[in-house]
Amino acid sequence: MAVLDILRYPDARLHTVARPVAVVDDRIRRLVADMAETMYAAPGIGLAATQVDVHERVIVIDTSEAKDHLLVFINPEIVSSSAEKKACEEGCLSVPGIYDEVERPERVRVRALDVRGEPFEMDAEGLLAVCLQHEMDHLQGKVFVQYLSRLKQSRIKSKMAKLDRQVA
Ligand code: NI
């Protein structure tokens, strides 16, 4: 396993639309293991393959307190979402230090493949529902700051540029 580099907004590669995984094989299982290690090391509660510059539909999530409940979603699809929406503060490993509210459906039902390539469905609410929708956005090339005003987006971009200069 390996800790992978996480792309940082406004890197254009974050806006790539991921393609479906054709076959869940050892290559994909290695990607999942590396993504999980990268997420736990960050530390974060979710990571999409897009963020490690792999443009295939793979997500890892662990919203548990003990960080011992890894969820893997390959080729995830939203089957249904609640009419009720809820605003929650979100953050992202690709946009470090930035947190802001995004409104999303409160509950979703998702269908995906597991690491054996077996299909499953899951109902999600609360933090898990937020996280799932946030990570699925990544697979569509969308970063959560794109829900914010243009002014906020440009402020975040200059903040990130400043951060890059500090690192360099
Ligand atoms: Ni994110």
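Residues numbered from 1 in each chain as written. Predicted model: local features only at pLDDT ≥ 70, side-chain atom pairs only at ≥ 80, totals over all residues. Heavy atoms only, no water.

Asker: Would you take a moment to explain the overall build of the chain for this structure?
Answerer: Along its length, the chain carries three helices and seven strands. When its helices and strands are written in sequence order, the chain yields α-β-β-β-β-β-β-β-α-α. Relative to the compact-globule value of 15 Å for 168 residues, the chain shows a C-alpha radius of gyration of 15 Å, a close match. Judged by the C-alpha coordinates and their principal axes, the chain covers about 45 × 40 × 30 Å. (Helix = DSSP H or I, 4+ residues; strand = E, 2+ residues; numbered from the N terminus. Rg over C-alpha atoms; globule rule 2.2 N^0.38 Å.)

Asker: What is the right way to look at the packing of aromatic side chains in this model?
Answerer: Given two aromatic rings, their pairing is described by the distance between the two centres and the angle made by the two planes. Following the criterion strictly, the structure yields one aromatic pair and no others. Judged by centre distance (5.7 Å) and plane angle (40°), the ring pair of F73 and F120 falls under tilted. With a gap of 47 residues between them, F73 in strand β3 (residues 71–81) and F120 in strand β7 (residues 119–125) connect regions that are remote in the sequence. Its guanidinium or amino end placed over the ring of Y147, K142 lies 3.9 Å from that ring's centre, counting from NZ or CZ. (Phe/Tyr/Trp six-rings, centres within 6.5 Å; stacked < 30°, edge-to-face > 60°. Lys NZ or Arg CZ within 6 Å of the ring centre and 35° of its normal.)

Asker: Would you take a moment to explain helix α1 (residues 26–41) for this structure?
Answerer: An α-helical turn contains 3.6 residues, so any two residues separated by three or four positions project in the same direction. The end-to-end C-alpha distance of α1 is 22 Å, a good match for the 22 Å that 16 residues give at a rise of 1.5 Å each. Buried residues along α1 sit in contact with β1 (46–48), β2 (58–61) and β3. (Expected span 1.5 Å × (residues − 1). Contact = heavy atoms within 4.5 Å.)

Asker: Help me understand the nonpolar core, please; the structure alone is not making it clear to me.
Answerer: Taken as a class, soluble globular proteins show a tendency for nonpolar side chains to be buried jointly. I59, I61, F73, A124, L128 and L132 are the most contacted members of the largest nonpolar core, which has 16 residues in total. At the level of elements, β2, β3, β6 (107–113) and α2 (126–139) are the ones that each hand at least two residues to this core. Leave out the neighbours within four places in its chain, and I61 touches M39, I45, G46, H69, L70, L71, F73, L128, C131, L132 and E135. Listed in part, the 14 residues of the second largest apolar core include V24, M39, A49 and I74. (Core = buried A, V, L, I, M, F, W, Y, C linked by side-chain atoms within 4.5 Å. Buried < 20%, exposed > 50% of the residue type's maximum accessible area, 1.4 Å probe, protein only.)

Asker: How do you make sense of the coordination of the nickel ion when you look at a structure like this?
Answerer: Around a metal, the perfect tetrahedron of four donors has angles of 109.5 degrees, and the perfect octahedron of six donors has angles of 90 or 180 degrees. Those protein atoms acting as donors to the nickel ion are C92 (SG), H134 (NE2) and H138 (NE2), and they sit at 2.1 to 2.2 Å. Sequence positions of the residues that donate to the nickel ion give the spacing C-x41-H-x3-H. Of the two residues, H134 and H138 both sit in helix α2, four residues apart, roughly one turn of that helix. The class of H138 is buried, set by a relative accessible area of 0%. (Donors = N, O, S within 2.8 Å, 3.2 Å for Na, K, Ca; no water.)

Asker: What is the right way to look at the sheet that holds β3 in this model?
Answerer: The pairing of strands in a sheet happens through backbone hydrogen bonds and is either parallel or antiparallel. Taken in spatial order, the five strands of this open sheet run β1-β2-β3-β6-β7, and their pairing is antiparallel. Either end of the sheet is taken by a strand with one partner, and the two such strands are β1 and β7. For this sheet, the mean inter-axis angle between neighbouring strands, taken without regard to orientation, is 40°. The pairing of β1 with β2 spans three bridges and is classified as antiparallel. Across the sheet, residue A48 finds its bridge partner in β2, namely I59. Set on the sheet, α1 makes contact with β1, β2 and β3; between it and β2 the angle comes to about 40°. (Pairing = 2+ DSSP bridges. Axes fitted to C-alpha atoms, helices over the stretch in contact; angles between N-to-C directions.)

Asker: Help me understand the pattern of salt bridges in this model?
Answerer: If charged atoms from side chains of opposite charge come close, those side chains can pair. Considering all chains together, one arrives at 14 salt bridges under this definition. Of the charged contacts, one joins E84 and R107 as a salt bridge, the two residues approaching to 3.1 Å between their closest N and O atoms. Placement of E84 in the loop between β3 and β4 (85–90) and of R107 in strand β6 is noted, with a sequence separation of 23 residues between them. Judged by its relative accessible area of 33%, R107 falls in the partly exposed class. Members of the salt-bridge network, linked through shared partners, are R109, R111, E121 and D123. (Salt bridge = Lys/Arg side-chain N within 4 Å of Asp/Glu carboxyl O.)

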